[in-house]
Amino acid sequence: DLDSWESIWAQPESILWEVSPDGLDNGGRIQLDPGDLVTIARRGERFQNAPFDAWSWGYKNSEPETEGWIPTLAHTLLVCMQDQPSPAPGVKELY
């Protein structure tokens, strides 16, 4: 079945905001514009010099030879569906 064959591959994700190649000390960050499509191979990585930022490794679909680090929030939309009070100051868990 062709539909199930297509579903096993990583699907391209749209970039939500501009990503500059500057700002990551260990290099490898790529330039992306809103609407660019990327395929993510690895997500949720953290670096010692930016422990509160999550990063993804992927490539630009229009230029597959262009790959590098992308801030995870640049291609991931988080939507709150229900108000959930925090059990302590700050966010501890999401359900």
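Structure: above.
Computed from a predicted model, the values in this text were never measured in an experiment. (Residues numbered from 1 in each chain as written. Predicted model: local features only at pLDDT ≥ 70, side-chain atom pairs only at ≥ 80, totals over all residues. Heavy atoms only, no water.)

Draft legend 1. Spatial organisation of the side chain of Thr-72. Within the fold, Thr-72 resides in the segment after strand 4 (63-71). By relative accessible area, which is 11% here, Thr-72 ends up buried. For Thr-72, the contacting residues outside a window of four places in its chain are Gly-44, Ala-54, Trp-55 and Ser-56. (Helix = DSSP H or I, 4+ residues; strand = E, 2+ residues; numbered from the N terminus. Buried < 20%, exposed > 50% of the residue type's maximum accessible area, 1.4 Å probe, protein only. Contact = heavy atoms within 4.5 Å.)

Draft legend 2. Summary view of the pattern of salt bridges. By the definition in use, this model includes four salt bridges. Between Arg-43 and Glu-13 there is a salt bridge whose closest N-O contact spans 2.6 Å. In this pair, Arg-43 is assigned in strand 2 (residues 37-47) and Glu-13 in strand 1 (residues 13-14), connecting sequence segments 30 residues apart. A relative accessible area of 43% means that Arg-43 is categorised as partly exposed. Between Glu-45 and Arg-42 there is a salt bridge, with the nearest N and O atoms lying 2.7 Å from each other. Here the residues in one salt-bridge network are Asp-36, Lys-60 and Glu-63, joined through shared partners. (Salt bridge = Lys/Arg side-chain N within 4 Å of Asp/Glu carboxyl O.)

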